[in-house]
Amino acid sequence: MEGVYLCNLLATPENYGIVYGLINKCRGKVVSEELQEGTNFFILDLVLPLVESFVFNEEIRKRC
């Protein structure tokens, strides 16, 4: 069984597409998504294969 990385992050409307693109690229899955009340931030809970989490972490820092 492959290890899984659970991640929580905030996405703005400006970087929402970038985040989803990286999640798909890294074979991740969004577990839940909600709009944070009173803001325009989306709260995303996602899971990624542990091996892919290193790529995701590096890429999300570069692009957002």
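Coordinates for the structure precede this section.
Residues numbered from 1 in each chain as written. Predicted model: local features only at pLDDT ≥ 70, side-chain atom pairs only at ≥ 80, totals over all residues. Heavy atoms only, no water.

Explain the packing of helix H1 (residues 16–25) against helix H2 (residues 50–63) to me, using residue names and the numbers behind them.
Contact pair H1 / H2: the axes reach a minimum separation of 10 Å and the direction vectors enclose 160°. Relative to H2, H1 is oriented roughly antiparallel. The handedness of the crossing between H1 and H2 comes out as right-handed. Residues Ile18, Val19, Leu22, Ile23 and Lys25 of H1 form the contact with H2, whose participating residues are Phe56, Glu59, Ile60 and Arg63. A per-class count over the contact of H1 with H2 returns six nonpolar, no polar and three charged. (Axes fitted to C-alpha atoms, helices over the stretch in contact; angles between N-to-C directions. Helix = DSSP H or I, 4+ residues; strand = E, 2+ residues; numbered from the N terminus. Parallel < 35°, antiparallel > 145°, perpendicular 65-115°, else oblique. Left-handed = near helix turned anticlockwise from the far one by under 90°. Contact = heavy atoms within 4.5 Å. Nonpolar A, V, L, I, M, F, W, Y, C, P; charged D, E, K, R; others polar.)

Pulling in residues and values, what's your account of the side chain of Asn15?
Tracing the chain through its elements places Asn15 in the loop between strand S1 (4–11) and H1. Within polar-contact distance, the side chain of Asn15 engages the backbone nitrogen of Thr12 at 2.8 Å. (Polar contact = N/O pair within 3.5 Å; in protein donor to acceptor, adjacent residues only side chain to side chain.)

How would you explain the pattern of salt bridges if you had to name every residue and give the values?
If you walk through the whole model with that rule in mind, you get four salt bridges. The salt bridge involving Glu59 is made with Arg63; its shortest N-O contact spans 3.1 Å. Placement of the pair is Glu59 and Arg63 together in helix H2, with a separation of four residues, close to one helical turn. On the accessibility criterion, Arg63 (44% relative accessible area) is partly exposed. Through salt bridges that share partners, Glu58, Glu59, Lys62 and Arg63 make up one connected network. (Salt bridge = Lys/Arg side-chain N within 4 Å of Asp/Glu carboxyl O. Buried < 20%, exposed > 50% of the residue type's maximum accessible area, 1.4 Å probe, protein only.)

An account of the sheet that holds strand S3 (residues 42–49) is needed here, citing residue identities and associated values.
Reading across the sheet, the three strands line up as S1-S3-S2 and stay open at both edges, with antiparallel pairing between neighbours. Strands with a single pairing partner mark the edges of an open sheet, and in this sheet they are S1 and strand S2 (29–35). Averaged over all pairs of adjacent strands, the angle between their axes in this sheet comes to 15°, without regard to strand direction. When S1 meets S3, the two strands line up antiparallel, connected through eight bridges. For Leu10, the partnering residue across the bridge sits in S3 and is Ile43. Contacts from H2 reach S1 and S3 within the one sheet, and its direction differs from that of S3 by about 130°. (Pairing = 2+ DSSP bridges.)

Got a sec to walk through the packing of aromatic side chains? Specific residues and values, please.
Counted according to the given criterion, the structure contains two aromatic pairs. For the ring pair Tyr16 and Tyr20, a centre distance of 5.0 Å and an interplane angle of 45° mean the geometry is tilted. Of this pair, Tyr16 and Tyr20 both sit in helix H1, four residues apart, roughly one helical turn. Note on Tyr16: relative accessible area 22%, which makes it partly exposed. Using a relative accessible area of 24% as the deciding quantity, one classes Tyr20 as partly exposed. For the ring pair Tyr16 and Phe42, a centre distance of 4.7 Å and an interplane angle of 45° mean the geometry is tilted. With Tyr16 in helix H1 and Phe42 in strand S3, this residue pair connects regions lying 26 residues apart in the sequence. By the ring-pair criterion, three or more aromatic residues cluster together here, those being Tyr16, Tyr20 and Phe42. (Phe/Tyr/Trp six-rings, centres within 6.5 Å; stacked < 30°, edge-to-face > 60°.)

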